[in-house]
Amino acid sequence: MIRLELAAVSSAAPTFSRAFSKGSSRYRQLLPTTNSPIVSNLDFFNSIQGNEQIPTYRILDGVGKPLQGAELPEIDREFARRLYENMQLLPTLDNVLYNVQRQGKISFYMTAHGEEATIVGSAAALELDDEVLGQYRELGVLLWRGFTLDKVMAQCFGNEEDNSGKGRQMPVHFGSPTHHFHTISSPLATQIPQAAGVAYALRRTPSRRSRSIAACFFGEGAASEGDFHAGLMLASTIPSPTLFIARNNGFAISTPSTEQYNGDGIASRGPGYGIDTIRVDGNDILAVISAVREGRRRCLEQGRAVLIEAMSYRVGHHSTSDDSFAYRARAEVEDRKRVDNPITRFRLFMESNGWWDADAEAELKTRLKVDVMKAFKRAESLKRCELGELFTDVYGGEEPWNIREQRKELVGLLKKYGEIYPPWRNELAKFKNNGKDLLN
Amino acid sequence: MVSRLALSRLAPVLNVARASSSAASRRVFRGARPYSTTDNDNTMTVRDALNVAMEEEMLRDETVFILGEEVARYNGAYKVTKGLMDKFGEKRVVDTPITEMGFAGIAVGAALQGLRPICEFMTFNFAMQAIDQIVNSAGKTYYMSGGNVPCPVVFRGPNGAASGVGAQHSQDYAAWYGSVPGLKVVSPWSAEDCKGLLKSAIRDPNPVVFLENEMLYGTSFPMSQEAMSDNFLVPIGKCKVEREGSDITFVGHSKMVSHCMEAAEALAKEGIKAEVINLRSIRPLDIDTIIKSVKKTNRLVIVEGGFPAFGVGSEICAQIVESEAFDYLDAPVERVTGADVPTPYATNLETLAFPDTPLIVKVAKRALYRTN
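What you see is a predicted model; the values in this text were computed from it and never measured.

When cut into domains, chain A gives domain 1 (16-379) and domain 2 (389-438). A C-alpha centroid distance of 41 Å is found between domain 1 of chain A and domain 2 of chain A.

Below is the structure:
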């Protein structure tokens, strides 16, 4: 009753132009769990009001020219060339491995075509020991941190040098503790709440506290999983320095982002969880760098989550198991590649600064291709991990009896057939040490 | 077999004079364990044993912390974490918002980054919302990362039927988690089990699913001098012969061990010597101890509070008939389980849905080809 009366006398009720507008604070004390002002007008709001949407932060225009008033991140010739080389390495690698998959030499692959600026820009803005939890399309982060082409190939081929996962995972499921890159997990979005846990652990570790963050990548499709909501909510309420980077590339396999949400993208959800949020042009590498650097700074300063939505376009198919022309026009993809190519945009910027030219471009492309082909050919010739690795790492510590029993059974069979039965002998030759490790 | 199972399920209806199962669960087990060699009077409730285990491990290891819904200021839904926030502060006893998927994910992430989280679920029925984090992330990451990233996390909370809480709060998940390579699963019974196994679970380099029982929280058990020590560990993957016998083997876990002990006591009055095996661990399963016992007694009755189909009992039965113990069996293996129905809410029906002592006695006699 009291609330109603007071609401009635609050004649100067503010109008909400957006969800986050400030209003009168005259009667705040009435509601125990909020500082919400009391108003008398019946006014609903939404993340999209009329045509008003969350803006997109950008530094370079489509032809690589800085926008008027835009503040460039600190950048010099050497740093710019490194960014560019990394951006170009991704499609070079992707083209080779995509075709290698088509030839049946690896089972699966996912390209990053169109999202090079988002991935390389984020990698460049993070510290090298920030913990990264990727979704699957973030190979560029590992490459930036010095993960070698041989290691990339080793993982994709699952050969004896695969120390991401000893040939136990599908291609592109990279992981490397030395590069602070958590192992990719196939179920979608599980990395989001885990990132909050990783950041919580960083906050609990004196040597990393106030120095390192957890950076978590995911697509706009993954943001529909419950894990997304749980993860953001926890990283804001049990505050932990987690930088959530949503790669909004327009498609969750075949589902267009227009069907993925009715609100204003992924960015509109950040304020709901009380975390600083920005939408950035994901095809503008300088904007990505600035946004991620600032996001990172806020993570550490507040000890809390920050959300970045990077707007991009997935030029490639979702994976080698997908043919995207079944649900989108080839012309649309070709147009996108021509009109808004993140690599071209940055090259134009570099050229205008006198940091790049046609000769450098030709030299780079040849060099990268040679490097990638060399790594590919080498990987093809390597053997698989030792046969004994079949039984390791299911459990840490003391090995349970059932695993010991499984190994014993195989050893028995190897002794019986390993040498005399040709199919077995041929198969054993594919393993490092020809399966001898089990016999000793 | 089908008709035998059906008969087991219907049997209690015919048994008018059976003991109240809830009263049995509250019974103090002091003195009910003649094999105990201790000469002290220490007793402890299961709740306190769990609490002490966590406190000791948190004192020992800075990286151990607890998180879950209302575990800190409210002391836990069942008061298992009582006082821990006061002792260790809010950084190590963390209240989370209500999202199992979220705080299980945080726990897994923190474990992947080097901490040792204890993740409390208000009940394992709610952990269904987080099962992907438990099975696919915690259970498999060590293997999938080629041994790069261990995930030493403990998921704990009450499991199985409580009392009057309906089908969605009454399921036993031992068989579910027990089927996953990469997870360890324990289902303790006594206070000693709880203390020793929880401490082992916290120290284990693997993810451990720790299945408690709400009905046992308030039950007191004797504690040996050894169990009172802060270095008392019970090994995961080993069962315990709680009572030796030569005529029939009972295998049970969690609250069903109480019923097995009572049934053994009742049978003893008729001169039948039942051996009772407290399973303690679901995975790894200590089948050797069960095989040894069956070779001695020639008869096996497996008792569990879970559903009959694809259950812990089914697995033990299968492993026994696949082993040399098969040749020693003088009667078919019997499973006494929860009824194959969504757990009823009505008290009378709920009581009939789970094994109790008279039912175990009855089935044991059937296995012994005794009629009465």
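From this point, the narrative continues.
Turning our attention to the sheet that holds strand E6 (residues 276-281) of chain A. Residue and element names in this part refer to chain A. Pairing in this open sheet of five strands is parallel, and the strands run E1-E2-E3-E7-E6 from one edge to the other. The outermost strands of the open sheet, each flanked by one partner alone, are strand E1 (131-133) and E6. In this sheet, adjacent strand axes meet at a mean angle of 20° when their direction is disregarded. Bridge count for E1 against strand E2 (residues 214-219) is three bridges, and the pairing is parallel. In the strand pairing of E2, Glu-131 is matched with Ala-214. Helix H7 (residues 226-237) contacts E2, strand E3 (242-248) and strand E7 (306-311) of the sheet and is inclined by roughly 150° relative to E3. Against the sheet, helix H10 (residues 285-302) makes contact with E3, E6 and E7, and its axis sits at roughly 170° relative to E6, the strand it touches most.

Right, let's get into the nonpolar core. With 78 residues, the main nonpolar core has Phe-155, Ile-290, Ile-316 and Ile-320 of chain B as its most contacted residues. Not counting residues within four places of it along the chain, the set of residues in contact with Phe-155 of chain B comprises Ala-104, Val-108, Cys-119, Phe-121, Phe-124, Ile-134, Ala-138, Val-208, Val-209 and Phe-210 of chain B. One finds Met-87, Ala-124, Leu-243 and Trp-356 of chain A within the second-largest nonpolar core, a separate group that totals 72 residues.

Right, let's get into the packing of aromatic side chains. Per the stated rule, a full pass over the model turns up 20 aromatic pairs over all chains. Residues Phe-79 of chain A and Trp-144 of chain A carry aromatic rings whose centres are separated by 6.1 Å and whose planes lie at 85° to one another, so their mutual orientation is edge-to-face. Placement of Phe-79 of chain A in helix H2 (residues 77-102) and of Trp-144 of chain A in helix H4 (residues 139-144) is noted, with a sequence separation of 65 residues between them. Its relative accessible area of 5% is what places Trp-144 of chain A among the buried residues. Through successive ring pairs, a cluster of aromatic residues spans Phe-103, Phe-121, Phe-124, Phe-155 and Tyr-177 of chain B. Looking at Arg-328 of chain A, its charged tip hangs above the ring of Phe-251 of chain A, at a distance of 4.9 Å from the centre.

As a further point, take the interface of chain A and chain B. Listed per partner, the contact involves 41 residues of chain A and 45 residues of chain B. Carbon and sulfur atoms make up 62% of the surface buried where chain A meets chain B, a total of about 3400 Å² over both sides. When the buried area of chain A at its contact with chain B is split by residue, Arg-204, Tyr-395 and Trp-401 of chain A rank highest and sum to 19% of it. Between the two partners, chain A and chain B, sit zero salt bridges. Between the two partners, chain A and chain B, sit 19 residue pairs in polar contact (both at pLDDT 80 or more). When contributions to the side of chain A that touches chain B are tallied by element, the ones reaching two or more residues are helix H6 (191-204), H7 and helix H14 (401-417) of chain A. Looking at the side of chain A that touches chain B residue by residue, the class counts come to 16 nonpolar, 17 polar and eight charged.

Quick look at the pairing of strand E11 (residues 274-278) of chain B now. Residue and element names in this part refer to chain B. The buried fraction of E11 amounts to five of the five residues, a majority that puts the element mostly inside the structure. Neither face of E11 is left uncovered, since the one carrying Ala-274, Val-276 and Asn-278 and the one carrying Glu-275 and Ile-277 both have all their residues buried. Pairing between strand E10 (residues 248-252) and E11: five bridges, direction parallel. In the strand pairing of E11, Phe-250 is matched with Val-276. Remark: the E10/helix H11 (residues 255-268)/E11 crossover connection has right-handed handedness.

With respect to the element layout, Asp-130 of chain A can be found in the loop between helix H3 (116-125) and E1. Classification of Asp-130 of chain A by relative accessible area gives buried; the value is 0%.

Per the counting criterion, the structure on display carries 55 salt bridges over all chains. Here Asp-281 of chain A ties to Arg-58 of chain A by a salt bridge, and the two come within 2.7 Å at their closest N and O atoms. Separated by 223 residues along the polypeptide, Asp-281 of chain A in strand E6 and Arg-58 of chain A in the loop between helix H1 (2-9) and H2 bring together distant segments of the chain. In this structure Asp-281 of chain A comes out as buried when scored by relative accessible area, which is 6%. Overall, the relative accessible area of 33% leaves Arg-58 of chain A in the partly exposed class. The shortest N-O distance in the salt bridge between Glu-334 of chain B and Arg-366 of chain B comes to 2.9 Å.

Residues and elements named next belong to chain A. With their axes 12 Å apart at the nearest point, H2 and helix H5 (residues 149-157) run at an angle of 30° to one another. Considering the angle they form, H2 stands roughly parallel to H5. When you trace H2 past H5, the crossing you get is right-handed. Across the interface between the two elements, Leu-89, Leu-93, Leu-97 and Val-100 of H2 pack against Leu-149, Val-152, Met-153, Cys-156 and Phe-157 of H5.

Right, let's get into the sheet that holds strand E5 (residues 154-158) of chain B. Residues and elements named next belong to chain B. One open sheet holds the seven strands; their spatial order is E3-E2-E4-E5-E7-E6-E12, and the pairing between them is mixed. Of all the strands in the sheet, the pair left with one neighbour each is strand E3 (93-95) and strand E12 (281-283). For this sheet, the mean angle separating the axes of adjacent strands, direction not counted, is 20°. Summarising the sheet, E5 and strand E7 (residues 208-212) pair through five bridges and their orientation is parallel. Residue pairing in the sheet places Arg-156 in a bridge with Phe-210 of E7. Contacting strand E2 (64-68), strand E4 (116-120), E5, strand E6 (184-186) and E7, helix H9 (residues 191-203) runs over the sheet at an angle of about 160° to E7.

Another point: the pairing of E7 of chain B. Residues and elements named next belong to chain B. Here E7 lies mainly inside the structure; five of its five residues are buried. Pairing of E6 with E7 involves three bridges; the strand directions are parallel. Paired with Val-185 across the two strands is Val-209, which belongs to E7. Crossover handedness for the path E6 to H9 to E7: right-handed.

Residues annotated in UniProt with the feature "domain: Transketolase-like pyrimidine-binding" (unreviewed entry) correspond here to residues 44-219 of chain B. Annotated as 36% helix and 16% strand, the span residues 44-219 of chain B places its first and last C-alpha atoms 8 Å apart.

Of the positions making up helix H12 (residues 287-297) of chain B, those classed as buried are Ile-287, Ile-290, Ile-291, Ser-293, Val-294 and Thr-297 of chain B. Relative to the axis of H12 of chain B, the buried residues are bounded by an arc of 165° and lie together on one face. Opposite the buried face of H12 of chain B, by more than 90 degrees, sit the exposed residues Asp-288 and Lys-292 of chain B. Each element contacted by the buried residues of H12 of chain B is listed here: H14 of chain A together with E10, E11, strand E13 (300-303) and helix H13 (312-322) of chain B.

A separate point is the UniProt feature "domain: Dehydrogenase E1 component" (unreviewed entry) in chain A. Here the UniProt feature "domain: Dehydrogenase E1 component" (unreviewed entry) sits at residues 86-383 of chain A. From the first C-alpha to the last, residues 86-383 of chain A spans 29 Å; its make-up is 47% helix and 11% strand.

How each quantity is defined
- Residues numbered from 1 in each chain as written.
- Chains lettered and ligands numbered in written order.
- Predicted model: local features only at pLDDT ≥ 70, side-chain atom pairs only at ≥ 80, totals over all residues.
- Heavy atoms only, no water.
- Domains from an automatic or database assignment.
- Pairing = 2+ DSSP bridges.
- Helix = DSSP H or I, 4+ residues; strand = E, 2+ residues; numbered from the N terminus.
- Axes fitted to C-alpha atoms, helices over the stretch in contact; angles between N-to-C directions.
- Contact = heavy atoms within 4.5 Å.
- Core = buried A, V, L, I, M, F, W, Y, C linked by side-chain atoms within 4.5 Å.
- Buried < 20%, exposed > 50% of the residue type's maximum accessible area, 1.4 Å probe, protein only.
- Phe/Tyr/Trp six-rings, centres within 6.5 Å; stacked < 30°, edge-to-face > 60°.
- Lys NZ or Arg CZ within 6 Å of the ring centre and 35° of its normal.
- Buried area = accessible area lost by both parts, 1.4 Å probe.
- Salt bridge = Lys/Arg side-chain N within 4 Å of Asp/Glu carboxyl O.
- Polar contact = N/O pair within 3.5 Å; in protein donor to acceptor, adjacent residues only side chain to side chain.
- Nonpolar A, V, L, I, M, F, W, Y, C, P; charged D, E, K, R; others polar.
- Right-handed = clockwise from strand over helix to strand, strands pointing away.
- Parallel < 35°, antiparallel > 145°, perpendicular 65-115°, else oblique.
- Left-handed = near helix turned anticlockwise from the far one by under 90°.
- UniProt positions renumbered as here; feature names shortened; annotations may be inferred.
- Arc of directions from axis to C-beta.

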